[in-house]
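Summary of structural features
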Amino acid sequence: MFKTSSFTKMINSEQHVTIKNNNGKHMKVTDHIKNANGKTLFSFEIIPPKKGNSIQQLYNNIDPLMEFNPPFIDVTTSREEYLYIEKEGLLDRKITRMRPGTVGICAAISHKYNVDTVPHVLCGGFTKEETEYLLVDCHYLGIHNVMALRGDAMKHEQYFKACDGGHKFAKELVGQIQNLNKGQYLHDVIEVDGKSDFCIGVAGYPEKHLEAPSLKTDLKRLKEKVDAGADYVVTQMFFDNKKYFEFVDAAKAEGITVPIIPGIKPLAVKRHLQLLPQVFKIDLPEDLIDAVDGCKTNQDVRKVGVEWAIQQSKELQEAGVPVLHYYSMGKSDNVKAIASELF
Ligand SMILES: Cc1cc2nc3c(=O)[nH]c(=O)nc-3n(C[C@H](O)[C@H](O)[C@H](O)COP(=O)(O)OP(=O)(O)OC[C@H]3O[C@@H](n4cnc5c(N)ncnc54)[C@H](O)[C@@H]3O)c2cc1C
């Protein structure tokens, strides 16, 4: 149609509660890729429910995707935001995280589905000390993969600002996680008995990060993250596979040899035509724009989005990408429709 280029709790020798996956042990994302022997794997990303909402809604969206055997599921972390609460005629400003619970959700999903999970860890809004606590939680829970991200600027800020005692760039966060893997905690006064062994993912941008002055500079920054210890890259969404293939070639030329996992988002509503380029500074192919423009309802747009993502995914799978990683954005019907055609 388109032209598109048992939850098993056990106390191990280190006295840690471990959650086991299907093979009886946790695995790193990179080991899942190695074990697949060139077969493309299926994975997806979910967003924690809004504070106060039930986790059941999340399960309802994960359930239909489990038949495609995702070896790992990513769980995002959201930045804190300001809430304005009216109090005696005045607006009281409170800072809060509307979608907390990333690590808890990871543990719950591992428990329920026997799958590995990847919590997203942010620089923004977290001190290095808080990050250390979070990583210690992950280590105790047997979560061996983390995605290290800077996070975006807060909604009212034009530019990203690190909090006092926080990291400025994802590369520094990768460095902290790698230090922990070497048994180096923030304060050297503790005795270390049992090191963590996190597999670290980082973000890559086939159409460059919106703040980067050029793709070449952004690739150098990506190489710095890999040199700091990142084990794999997951890309920002793209709608033209050519952008991904060129990015992978340019990354290789830059000396980046870790797996680069394509991130795919099925377009779902007409408004995405404006929203996605505005928020992520990405281009949409003319054929896709025309097809969406021709839709009468958002239900029709959803079908176009699925069809486009199927074509994209098939070409990527044929090219031998390690994993097809889908941004499910809370609803799984479209990802299920895509996965049914491929896995
Ligand atoms: C797969 C994926 C998952 C994501 N998940 C989340 C999530 O769960 N929660 C969330 O809030 N956001 C998430 N994001 C969005 C991400 O946080 C933003 O894109 C953010 O703006 C950049 O994060 P980063 O880790 O790429 O930052 P960095 O790698 O730190 O790069 C940020 C910018 O700084 C530049 N830069 C890097 N190092 C230097 C340096 N030394 N000097 C000057 N400039 C430098 C880079 O070129 C880039 O422009 C995700 C993005 C992707 C692709």
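This one's a predicted model, so the numbers in the text were calculated from it and none came from an experiment.

On to the packing of helix 10 (residues 298-318) against helix 11 (residues 333-342), then. It is at 9 Å that the axes of helix 10 and helix 11 come closest, and there the two elements cross at 35°. As for the relative orientation of helix 10 and helix 11, their crossing is right-handed in sense. Taking contact as the criterion, the partners of R302, V306, A309, I310, S313, K314 and Q317 in helix 10 are, on helix 11, D333, N334, A337, I338, E341 and L342. Of the residues belonging to the contact of helix 10 with helix 11, the class tally is six nonpolar, three polar and four charged.

Reading around the barrel, the eight strands line up as 3-4-7-8-9-10-11-12 and close back on themselves, with parallel pairing between neighbours. Across the sheet, the mean angle from the axis of one strand to that of its neighbour is 30°, orientation sign disregarded. Of the strand pairs in this sheet, strand 11 (residues 260-264) and strand 12 (residues 323-327) are connected by two bridges, and their pairing is parallel. Residue G263 lies in a different strand from strand 12, and its bridge partner there is H325. Here helix 5 (residues 170-181) sits on the sheet and contacts strand 7 (116-122), strand 8 (145-149) and strand 9 (199-204); the angle it forms with strand 8, its principal contact strand, is near 150°. Along the sheet, helix 6 (residues 215-227) contacts strand 9 and strand 10 (232-237); its crossing angle with strand 9, the most-contacted strand, is approximately 175°.

For the rest of this paragraph, the subject is the site of the ligand. Close to the ligand lie 22 residues; T77, D152, Y205, H209 and K225 are nearest. Contacts to the ligand include H120, whose side-chain N or O atom sits 2.8 Å from an oxygen atom. Between the ligand and A212 there is a distance of 3.5 Å, counted from an oxygen atom to a backbone nitrogen or oxygen. When the ligand sits alone it has 990 Å² of accessible area, and the protein chains cover 85% of it. No other element matches the three residues that helix 6 contributes to the shell around the ligand.

Below, the discussion takes up the confidence of the model for the chain. Per-residue pLDDT for the chain has a mean of 91; in total, 93% of the residues score no lower than 70. Considering only residues more than four positions removed or in separate chains, one finds that residues 1-20, a stretch of pLDDT under 50, has 50 contacts.

Among the secondary structure elements, H209 is positioned in the loop between strand 9 and helix 6. On the basis of relative accessible area, H209 is assigned to the buried category, the value being 13%. Residues in contact with H209, not counting those within four places in the same chain, are R150 and D218.

Next up on the list: unusual backbone geometry. Unlike most non-glycine residues, K208 shows phi in positive territory, near 70°. Note that K208 resides in the loop between strand 9 and helix 6. With a phi close to 50°, M329 is a non-glycine residue in the positive phi region. Considering the arrangement of structural elements, one finds M329 in the loop between strand 12 and helix 11.

Our focus in this paragraph is the pairing of strand 12. Among the five residues in strand 12, five count as buried, and that is most of the element. Taking every second residue as pointing to the same face, both faces of strand 12 are buried, with V323, H325 and Y327 on one and L324 and Y326 on the other. Pairing between strand 3 (residues 41-46) and strand 12: five bridges, direction parallel. Each bridged residue has a counterpart across the sheet, and for F42 the counterpart in strand 12 is L324.

Conventions and cut-offs
- Along each chain, residue indices are assigned from 1 in the same order as the chain's sequence is written.
- Local features in this predicted model are restricted to residues whose pLDDT is 70 or higher, and side-chain atom pairs enter the listing and the counts only when it is 80 or higher, whereas totals over whole chains, interfaces and linings include all residues.
- In computing side-chain properties, one takes all heavy atoms of the structure into account and sets aside hydrogens as well as water.
- Where helices are involved, their axes are fitted lines through C-alpha atoms of the stretch in contact, as for all axes, and angles between N-to-C directions lie from 0 to 180°.
- Going along the chain from the N terminus, every DSSP run of H or I of four or more residues is numbered as a helix, and every run of E of two or more is numbered as a strand.
- Here is the rule for handedness: rotate from the far helix to the near one, and if that takes an anticlockwise turn smaller than a right angle the crossing is left-handed, while a clockwise turn gives right-handed.
- In this description, contact between two residues means that some pair of their heavy atoms is separated by no more than 4.5 Å.
- Note on residue categories: nonpolar means Ala, Val, Leu, Ile, Met, Phe, Trp, Tyr, Cys or Pro, charged means Asp, Glu, Lys or Arg, and polar means any other residue, Gly included.
- Strand pairing is assigned whenever DSSP detects at least two bridges linking the two strands.
- For this purpose, a residue is taken to be near a molecule or strand whenever a single non-hydrogen atom of the residue falls within 4 Å of it.
- N or O atoms closer than or at 3.5 Å make up a polar contact, with two conditions inside protein: a donor-capable atom paired with an acceptor-capable one, and, for residues adjacent in sequence, both atoms drawn from side chains.
- With residues, only the protein chains shown are counted as cover, and all accessible areas are computed by Shrake-Rupley using a 1.4 Å probe.
- How sure the predictor is of each residue is captured by pLDDT, a score from 0 to 100.
- Partly exposed describes any residue whose relative accessible area lies between the buried limit of under 20% and the exposed limit of over 50%, with all areas from a 1.4 Å probe on protein chains only and scaled to the type maximum.

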